Amino acid sequence: MRKLTTILVICLTVPLANAQELALVKHTDSLSVTEATKSHLPKGYRNHIVPFELIGGLIFVAAASEGEKAKYILDSGAPSLIVNSVLLEKDKDKRINAIGLSGKTHIENIPDLDFEWAGESIKPKAYKMDISHLEVVKKRAIGGLIGYDLLKEKEILINYKTKELSIYEDRDFSEEKKPKFVIPFKMEAHFAVIEAKIGRKKYRFALDTGAEANLLDIKYLSKIKRDNVGELHEVFIQGTDKKQNEAQYCTIKETRIKGENFDNMDYVFTSIDRLNKMYNMKIDGLLGFPFLSNKEISIDYKRNKIYVWE
């Protein structure tokens, strides 16, 4: 039986802020908001400890929109906050056309939304979209997703062992254990982009905390050396237009980044042409859960660096 992976890419067809936008949407359900502050941290920055639930490689955190508590996906591949809604049909004039990996969809702007998460009460740029079909597929209520616009001034440390996020406003490593190595990245649209090497070829990957699988463009499948690739399997990709598209995935034995090995990561092979065209980018794929959970990793959006510990 083929497994199902949820990879819902949405490219907005109108300019918003500095670029057109993309989001990867996953599943959520309700949970109360909890957070704590470490007392031993140096003065001048905060560290919010946010517990999360890990489901199928997706990070679910507690948040509240207009006081309504739910779980939201931590999704750096989303441009901003997206809230689940089944009300789009009531106000078609506010619809924004969008294109996903598998077809068209619609989202709607939400002005002046009150949102709470990680100890903050804010009014972010926010949108709502009907993702009720995912609630049926995943058999759970959906809150939405927390995207890049809410992360861009922070460092996010993901600890999959303790299932906690550490969210730093600023950090001084002189008083803490230093990372083993650092991966610099460049921002393209709202994506952190890094280089990785598979075999002898270098690839450009966008980082995405909301992707259940790493993605690599289908055109590279025949070019990767077979001695570095495990057995191919069939997979269904759930799309935003309610279709499930067929794809292939396999385990790639070795991916090298900054001279370090990230071993035995799963990659789904599919076309990312729409994504590149919408943002005028030239990336080769996405790095998601298999990369982020391979080692202890934090993403520092203020300094454009990824810190890696063992």
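The model shown is predicted, which means the values in this text are computed figures rather than measured ones.

Engineer: So what exactly am I meant to see when it comes to the overall build of the protein here?
Structural biologist: Looking only at helices and strands, one finds three helices and 27 strands in the protein. Within the structure as shown, the protein displays about 14,100 Å² of accessible surface, and the carbon and sulfur contribution to it stands at 46%.

Engineer: Looking at this model, I keep getting lost on the packing of aromatic side chains. Mind explaining?
Structural biologist: How two aromatic rings sit relative to each other is given by the distance of their centres and the angle of their planes. Tallying each qualifying case throughout the model produces twelve aromatic pairs. Plain terms: the ring middles of Tyr203 and Phe205 are 6.3 Å apart, the flat faces sit at 50° to each other, and that makes the pair tilted. Exposure remark for Phe205: the relative accessible area of 0% places this residue in the buried category. Taken together through their ring pairs, the aromatic side chains of Tyr203, Phe205, Tyr220 and Tyr267 make up a single cluster. Over the face of the ring belonging to Tyr168 we find Arg171, whose NZ or CZ atom lies 4.0 Å from the ring centre.

Engineer: Would you take a moment to explain the pairing of strand 8 (residues 81-84) for this structure?
Structural biologist: As a general feature of sheets, a regular strand has side chains that alternate between the two faces. Of the two faces of strand 8, the one lined by Leu81 and Val83 and the one lined by Ile82 and Asn84 are each fully buried. Here strand 8 runs beside strand 13 (residues 126-129); their pairing, made up of four bridges, is parallel. Counterpart to Leu81 in the pairing with strand 13 is Ala126. In the sheet, strand 8 pairs with strand 14 (residues 144-146) via two bridges, with the strands oriented antiparallel. Across the sheet, Ile82 pairs through a bridge with Leu145, a residue of strand 14.

Engineer: Looking at this model, I keep getting lost on the side chain of Ser76. Mind explaining?
Structural biologist: Along the chain, Ser76 turns up in the loop between strand 7 (68-74) and strand 8. Judged by its relative accessible area of 1%, Ser76 is buried.

Engineer: Would you mind going over the environment of Ile146 with me for this structure?
Structural biologist: Locating Ile146 in the fold gives a position in strand 14. When its relative accessible area of 0% is taken as the criterion, Ile146 is described as buried. Sequence separation between Ile146 and Ile82 is 64 residues, and the spatial gap between their C-alpha atoms is 6.8 Å. Ile146 has contacts with Val61, Ala63, Tyr72, Ile73, Leu74, Asp75, Ser76, Ser80, Leu81, Phe115, Trp117 and Leu151, leaving out every residue within four places of it along the chain.

Here is what the cut-offs are and how they apply
- Residues numbered from 1 in each chain as written.
- Predicted model: local features only at pLDDT ≥ 70, side-chain atom pairs only at ≥ 80, totals over all residues.
- Heavy atoms only, no water.
- Helix = DSSP H or I, 4+ residues; strand = E, 2+ residues; numbered from the N terminus.
- Areas by Shrake-Rupley, 256 points an atom, 1.4 Å probe, with all protein chains shown as cover.
- Phe/Tyr/Trp six-rings, centres within 6.5 Å; stacked < 30°, edge-to-face > 60°.
- Buried < 20%, exposed > 50% of the residue type's maximum accessible area, 1.4 Å probe, protein only.
- Lys NZ or Arg CZ within 6 Å of the ring centre and 35° of its normal.
- Pairing = 2+ DSSP bridges.
- Contact = heavy atoms within 4.5 Å.

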